[in-house]
Amino acid sequence: MSLLEIKDLQATVGEKQILKGLNLTLRPGEVHAIMGPNGAGKSTLGYSLAGRDGYEVTGGSVTFDGKDLLEMDPSERANEGLFLAFQYPVEIPGVAGTTFLKHALNAKRRHHGEEELDGLEFVKFLRGKAKELGMNDEMLKRPVNVGFSGGEKKRNETLQMSVLEPKLAVLDETDSGLDIDALRVVADGVNRLRSPDRAILVITHYQRLLDYLVPDFVHVLADGKIVKSGDKSLALELEEKGYAEFVSAA
Amino acid sequence: MAATTETIEQVKELGGGDKYKHGFVTDIEMEFAPKGLNEDIVRFISAKKEEPEWLLEWRLKAFERWKTMPEPDWAKLDVPPIDYNDIYYFAAPKRDEDKPQSLDEVDPKLLETYAKLGIPLKEQEVLAGVAGAPTVAVDAVFDSVSVATTYRKTLEEKGIIFCSISEAVHTHPELVKKYLGSVVPYSDNKHACLNSAVFTDGSFVYIPKGVRCPMELSTYFRINAENTGQFERTLIVADEGSYVSYLEGCTAPQRDENQLHAAVVELVTLDDAEIKYSTVQNWYPGDEEGRGGIYNFVTKRGACRGRNSKISWTQVETGSAITWKYPSCILQGDNSVGEFYSVAITNNRQQADTGTKMIHLGKNTRSKIISKGISAGRSQQTYRGLVRMSPKAESARNYTQCDSLLIGDQCGAHTTPYIESRNASAKVEHEATTSKISEDQLFYCLQRGMSEEDAVSLIVNGFCKEVMQTLPMEFAVEAQKLIGISLEGSVG
Ligand SMILES: Nc1ncnc2c1ncn2[C@@H]1O[C@H](COP(=O)(O)OP(=O)(O)OP(=O)(O)O)[C@@H](O)[C@H]1O
Ligand SMILES: [Mg+2]
């Protein structure tokens, strides 16, 4: 059975139609990459799946783990296991990273009828995860994303993902802004999360992430639709030729 | 119930006889005055309290003055006319049959809030004024009698006086006479005038020279009869080189049918002394349409009389329908320090006009103002602050930071700073920001699984962090929850 099944998805952002009948299916265990020109609708896809206000789905259907995703409110989608790593992670002044993640994890645990973790248990658990990503305690105490460098923000998104252990992770340009070492660390983090019951959807502009995070499928999103799908070699092909073929066709 | 009653009985016995030695119980046989305000009522109150002549005279002067004084009208508040003759000034406690007979008869909304704050059932009964419940949440603090004993003994050993003000009038008349009205004169403003004329009780604290009070003093510890919260009078004196931290109020909304509250708080620090005064105010704010709710007209002022002394106010104001409150510092002693940390939250139809005055008189005096105002619903909130550098305030400094956060687009936030500098070497710095709770932040939290309410609470707590950090630990955790609860229903 598929984990995520998007059928003929149409979405508008402020009157403007951005997604124009998008089809995509992810099975558990798979890694898919989406590439495509600026403004094609990649982030819009992520937001529409996550249920952001202002991203109005006007047609089509999305089934997530057997349930109607579009019926759920944003926090429900998250608690059911959908995680979006933001292209532009948001700063929350005054809220320590630890506090933020504790609220997030405990919300999920409550949703699934599990005991909440107390402060001490959580800090232990979080430290372990942070260490894997080369993040120290000082960074966890700092307010969420405030004053973080571009790369640190992306690392922080990866940390959140590994703490929340989603069923489906949508990574929106998590590789952009990373230096070569950080790219490696983040990719390792994502790879650790790969498992037969999880799927990952990576939105990226560059082949280099895909070197570490070898995808099972690569799709081209242009003008609000998936216009081509293939295996990892498609990414190499795009790197060489660009999107001219798809843009002119659109 | 039995356990609570027992605790109270035991606590009473500790003092020997029916009076708790440090004056924690004000157990006079009450007769009660009818509604209305006139000279007789003032005399009655004073007589009931067997007050000395000077205090009666003072009350009467205050009352005379009150009659001629106009209501303050400069605040950005819409205050309905108050019928002062429709108020009990020395009221009978409610008879048990008039009280809710059990929690089942209490407003479910109130109970919901208690549950969210994690308040135990027994204490809920106290707060909601259920028949048969004790008049104070003794067991909330005194979880065992031995704690109470230790507490009382420790204060006694250090020579600290902590009792009700009506008791202090008898046991320490020289101190009360010296300091009462010395910071907030009875003629200060209409509300302070009223309080001076009819105050029924409040706290008195004196910390002797060189003593560091080893625990937070809290109004919670003081056993009050009902209905004294309305015109409360507090006086705290920190003698040379002493320190005390005082907590007022509690996070749980108490049921109270008195609409008008006019409290006065006076603080005095002598050389090298420090008072830290923290308040959490969560009086009934009225319903969504603004019906009911407390009018909270408070005069709070501290005088740093001594050199190197310090007064620090922290307030978390979430309740009341109308708030009129400006905890202030008169920085008289050279090198003295005044601080004001404030979080004010208004939701629905609440109105708040709040801020501070820092009056720099001495050399090298310093003040710091951090104000965080959060407005939601259709509420209106004003920060009003005065910083005055007098001609002698050589090298004085003030730093003011005033941040407003708006939730939704039907509320109002206003900032009215007044700066008067008559000393060229004094420096005043003022920063102000106004922002909206951002859709980005909200969505980010939701995407991480948090509910909308949890997200708002988290973001707002982050916004207020600088102020919340100054709260004593006991208060901080509950106050954080309270912020979330006060803003429920403000988004979406
Ligand atoms: N709030 C908005 N109002 C109007 N148009 C919007 C809004 N948000 C996005 N758009 C438009 O929707 C289109 C798709 O944007 P989207 O962010 O999904 O692109 P993308 O594929 O992620 O691009 P990039 O590679 O640059 O990140 C763009 O033309 C963008 O300008
Ligand atoms: Mg994008």
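None of the values given here were measured: they were computed from a predicted structure.

Conventions and cut-offs
Counting from 1, residues in each chain are numbered in the order their sequence is written. Lettering for chains starts from A, numbering for ligands starts from 1, and both go in the order in which the items are written. Local features in this predicted model are restricted to residues whose pLDDT is 70 or higher, and side-chain atom pairs enter the listing and the counts only when it is 80 or higher, whereas totals over whole chains, interfaces and linings include all residues. Computation of side-chain values: all heavy atoms of the structure, hydrogens and water removed. For each residue, the test is whether any non-hydrogen atom lies within 4 Å of the molecule or strand; if one does, the residue is near. Contacts described as polar in this section are N or O atom pairs within 3.5 Å, which, within protein, must combine one atom able to donate a hydrogen with one able to accept it, while residues neighboring in sequence count only if both atoms come from side chains. Per-residue and other accessible areas follow the Shrake-Rupley method at a 1.4 Å probe size, with only the shown protein chains counted as cover for residues. Only DSSP runs of H or I reaching four residues or more are called helices, and only runs of E reaching two or more are called strands; each is numbered from the N terminus. Three classes are used, and their members are as follows: Ala, Val, Leu, Ile, Met, Phe, Trp, Tyr, Cys and Pro are nonpolar, Asp, Glu, Lys and Arg are charged, and the others, Gly among them, are polar. What goes into a patch is any residue over 30% in relative accessible area without a salt bridge, connected to like charges within 9 Å or, for nonpolar side chains (Val, Leu, Ile, Met, Phe, Trp, Tyr), within 5 Å. Put simply, a salt bridge is a Lys or Arg side-chain nitrogen that is within 4 Å of an Asp or Glu carboxyl oxygen. Positive charges come from Lys and Arg, negative ones from Asp and Glu, while His and the chain ends are left out of the count. Where a charge sits is defined by one atom per residue type, namely NZ (Lys), CZ (Arg), CG (Asp) or CD (Glu). The rule is simple: take the accessible area with a 1.4 Å probe, protein chains only, and divide by the maximum for that residue type; under 20% is buried, over 50% is exposed, in between is partly exposed. A pair of Phe, Tyr and Trp rings is counted when the ring centres sit within 6.5 Å of each other, with Trp represented by its six-membered ring. The angle between the planes then sorts it: under 30 degrees is stacked, over 60 is edge-to-face, the rest tilted. Only Lys NZ and Arg CZ are tested; either one counts as a charge over a ring when it is within 6 Å of the ring centre and within 35 degrees of the ring normal. Each metal site lists N, O and S donors within 2.8 Å (3.2 Å for Na, K and Ca). With water left out of the atoms, a site can look as if it is missing ligands.

A. Inspection of the site of ligand 1 at higher detail. All names here are of chain A. Around ligand 1, the surrounding shell holds 15 residues, and the nearest of these are Gly-39, Lys-42, Ser-43, Thr-44 and His-205. A distance of 2.8 Å is found between an oxygen atom of ligand 1 and a backbone nitrogen or oxygen belonging to Ser-43. In this structure, Glu-173 approaches ligand 1 through a side-chain N or O atom, which is 3.3 Å from an oxygen atom. Starting from 640 Å² of accessible surface for ligand 1 in isolation, the protein chains cover 64%. Listed by contribution, the elements that provide at least two residues to the shell around ligand 1 are strand S2 (16-26) and helix H1 (42-50). Among the elements that line the shell around ligand 1, the one with the most residues is H1, at 3 residues. Its residues assigned to classes, the shell around ligand 1 comprises 5 nonpolar, 7 polar and 3 charged.

B. Looking closely at a negative patch on the surface. On the surface, A:Asp53, A:Asp73, A:Glu76, B:Glu452 and B:Glu453 cluster together to form a negatively charged patch. Inspection of the secondary structure puts B:Glu452 in helix H12 (residues 452-463). With relative accessibility at 33%, the residue B:Glu452 sits in the partly exposed group.

C. Summary view of the packing of aromatic side chains. As enumerated under the stated definition, the model contains 20 aromatic pairs over all chains in all. Seen in terms of ring centroids, A:Tyr47 and A:Tyr55 are 5.0 Å apart; in terms of plane orientation they differ by 55°. Their pairing is tilted. You can call A:Tyr55 partly exposed: its relative accessible area is 22%. Ring centres 6.5 Å apart and planes at 80° place the aromatic pair B:Phe297 and B:Trp324 in the edge-to-face group. Remark: B:Trp324 occurs in strand S11 (residues 322-325) and B:Phe297 occurs in strand S9 (residues 295-304); sequence separation between them is 27 residues. Overall, B:Phe297 belongs to the buried group, its relative accessible area being 2%. A connected cluster of aromatic rings, assembled from ring pairs, spans A:Tyr47, A:Tyr55, A:Phe86, A:Phe100, B:Phe443 and B:Tyr444. Cation over ring: B:Arg233 sits above B:Phe199, and NZ or CZ is 5.9 Å from the ring centre.

D. Region of interest: the coordination of the magnesium ion (ligand 2). All names here are of chain A. Only Ser-43 (OG) and Gln-87 (OE1) from the protein reach the magnesium ion (ligand 2) as donors, at distances of 2.0 to 2.2 Å. Pair noted here: Ser-43 is in helix H1 and Gln-87 is in the loop between strand S6 (82-85) and helix H3 (97-111), with a separation of 44 residues, a long-range link. Classification of Ser-43 by relative accessible area gives buried; the value is 19%. Taking relative accessible area as the criterion, Gln-87 reaches 14% and is therefore assigned buried.

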